[in-house]
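Examination of the molecular architecture
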Amino acid sequence: MADSNQTKKPLRSQAWFGLKDRDGFLHRSWMKNQGIPHDEFDGRPVIGICNTWSELTPCNAHFRELAEYVKKGVHEAGGLPLEFPVMSLGETNLRPTAMLFRNLASMDVEESIRGNPMDGVILLVGCDKTTPALLMGAASCNLPALAVSGGPMLNGRFRGKNIGSGTGVWQMSEEVRAGTMTQEEFTEAESCMNRSRGHCMTMGTASTMASMVESLGMGLPHNAAIPAVDARRQVLAHLAGRRIVDMVREDLTMDKILTRQAFENAIRTNAAIGGSTNAVVHLIALAKRIGVELSLEDWELGSNVPCLVNLQPSGEYLMEDFYYAGGLPAVLKQLGEQGLLHREALTVNGKTLWDNVRNAPNHDEKVITTFAEPFKPKAGIAVLKGNLAPNGAVIKPSAATPHLLKHRGRAVVFENIEELHAKIDDESLDIDEHCIMVLKGAGPKGYPGFAEVGNMPLPKKVLQKGITDMVRISDGRMSGTAYGSVVLHVSPEAAAGGPLAFVQTGDMIELDVDARRLHLDVTDEELARRRAAWQPPAPPTRGYYKLYVEHVLQADQGADLDFLVGSSGAPVPRDSH
Ligand code: FES
């Protein structure tokens with residue numbers, strides 16, 4: 001049986017369970033009411049299983065079962081598994097936006113880990129914000145940690161065709177508005193899209209973040225793509241349970257994995273998979289927690305990497321197909337062969353990233369294309385600058401319409417999402433496909449919470465001409481399952497007094513993605529005049545909303561709360577008994 005002598009460092013859990021006095025009695029005795037034998041407190045690693053299970057987070061609703069497989073592995077390796085809940089963030093239900101609560105959930109994770117007797121932690125992650133929230137919270141404690149994603153759903157199937165979660169909703173809702181799909185068909189598709197346990201099966205934010213986990217080295221090989229219902233997902237959880245116990249013995253803490261090299265690997269991987277723009281914000285926030293310098297400009301590292309993976313929303317296939325084709329290891333192998341990977345980056349299984357993927361097969365080059373014939377020659381996230389976004393904005397060229405990547409158009413401005421909804425289908429709205437739609441009030445402070453509303457619906461009268469894309473600019477985010485010529489994360493945001501606040505309908509805007517330029521064609525004098533007349537929105541007056549708006553950083557800084565940046569480690573807190 002394991003004992004603390006086998007570990008590099010004394011186990012912090014022994015500061016609770018290893019005591020012979022009254023305090024030791026208190027810590028052990030109450031735990032024994034769960035049927036834990038006395039000898040399980042003998043100095044074996046205690047592994048927390050941080051669980052985001054919730055029936056309100058359907059993507060994570062299978063996590064209690066998944067946790068049981070982790071526990072088997074922990075027991076087999078001589079550890080003591082203890083599962084605990086943290087705030088769960090369900091993308092489809094939580095209003096005003098799950099992103100508002102990412103930082104709150106990360107605080108829950110951080111303090112739950114630090115305040116409790118654990119030596120290492122398994123992070124059960126799935127729906128979009130649960131992955132960054134748990135990684136960020138755990139990073140601020142810096143114990144050995146291993147993330148296990150819940151896995152994507154099976155392909156959606158509707159009337160003989162694949163439909164992707166999220167992406168299909170955006171497509172079909174526009175078809176209903178354009179009159180090319182009936183309401184009955186739309187309702188029928190509801191039951192066909194999300195038909196198994198798991199998270200969105202497009203390369204949306206959840207699958208992107210599961211891929212980030214794997215490319216950062218924080219998950220086991222194939223973490224990204226094994227479907228949630230495939231038995232191999234349970235095996236992965238089982239193996240993760242075994243491995244985290246050894247990680248504790250080796251003192252393999254998060255800072256040894258989450259290095260600058262790991263983040264650069266993740267940025268290039270995001271490009272190669274056509275990943276979500278949301279990863280930009282989450283990885284910057286995570287890097288700041290673990291003390292790695294990572295800026296918005298660093299995302300340009302991926303800008304010359306081709307998109308290899310032909311997955312929705314940029315392409316055709318879905319995560320199930322991706323797994324059968326070889327999954328993320330088949331992509332990482334190609335990046336490594338092209339010199340686009342820091343091969344020596346360490347991963348949770350104790351091997352380098354390159355050791356994990358060097359022999360990975362590619363079973364289907366339609367799904368995972370090659371550098372010789374990539375799905376899209378240039379992918380990645382383009383970082384735009386200009387007088388409209390002095391601190392930056394982002395666009396995902398692989399999801400945009402090529403001819404709109406260089407465009408000059410007349411701005412049609414919506415001051416907030418309510419105004420957009422009220423006016424977008426108004427016949428009298430002076431707008432056509434050459435205009436540029438501008439939305440304010442969708443940023444971290446403005447919404448509040450940095451909503452996924454950047455992919456604004458197009459005006460009905462434009463859709464009815466058969467037009468499916470227009471340039472859209474906002475300080476909000478976009479669902480990873482969405483697509484279009486959409487400029488996002490404009491920083492500083494309108495509510496913080498950024499230049500976006502002063503754009504008026506009729507102004508001319510120039511977008512030039514190749515030149516990385518976003519320019520408002522208004523003189524500095526006129527902008528100064530508008531700024532002088534501007535009133536900031538009234539801030540929230542109580543509760544978490546108030547705390548959030550007072551402390552949230554801008555998009556280019558990762559939208560974390562300013563006082564959460566960095567790490568406090570996991571010193572054993574003093575006892576109160
Ligand atoms: Fe949960 Fe898409 S709604 S991953």
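Residues numbered from 1 in each chain as written. Predicted model: local features only at pLDDT ≥ 70, side-chain atom pairs only at ≥ 80, totals over all residues. Heavy atoms only, no water.

Bringing the pattern of salt bridges into the picture now. Per the counting criterion, the structure on display carries 43 salt bridges. Notably, a salt bridge pairs R197 with E65, separated by 3.0 Å at the nearest N-O pair. Here R197 is found in the loop between helix 7 (183-193) and helix 8 (205-216), whereas its partner E65 is found in helix 3 (residues 63-76), with 132 residues between them in sequence. Overall, the relative accessible area of 36% leaves R197 in the partly exposed class. In this structure E65 comes out as partly exposed when scored by relative accessible area, which is 33%. (Salt bridge = Lys/Arg side-chain N within 4 Å of Asp/Glu carboxyl O. Helix = DSSP H or I, 4+ residues; strand = E, 2+ residues; numbered from the N terminus. Buried < 20%, exposed > 50% of the residue type's maximum accessible area, 1.4 Å probe, protein only.)

Let's shift gears to helix 13 (residues 327-337). Counting buried positions along helix 13 gives 9 out of 11 residues, so the element sits mostly inside the fold. Of the positions making up helix 13, those classed as buried are G327, L328, P329, A330, V331, L332, Q334, L335 and G336. Against the buried residues of helix 13 lie helix 8, helix 10 (260-272), helix 12 (319-325) and helix 14 (353-357). Positive backbone phi, at 75 degrees, marks G339, one or two positions downstream of helix 13. (Contact = heavy atoms within 4.5 Å.)

With respect to the secondary-structure elements, R44 resides in the loop between helix 2 (22-31) and strand 1 (46-51). Of note is the side chain of R44, whose polar atom sits 2.9 Å from the backbone oxygen of D39. (Polar contact = N/O pair within 3.5 Å; in protein donor to acceptor, adjacent residues only side chain to side chain.)

Turning our eyes to something else, we now look at the UniProt feature "domain: Dihydroxy-acid/6-phosphogluconate dehydratase N-terminal" (unreviewed entry) in the protein. This chain's UniProt record puts "domain: Dihydroxy-acid/6-phosphogluconate dehydratase N-terminal" (unreviewed entry) on residues 44-356. Measuring from the first to the last C-alpha atom of residues 44-356 gives 28 Å, for a span that is 45% helix and 9% strand. (UniProt positions renumbered as here; feature names shortened; annotations may be inferred.)

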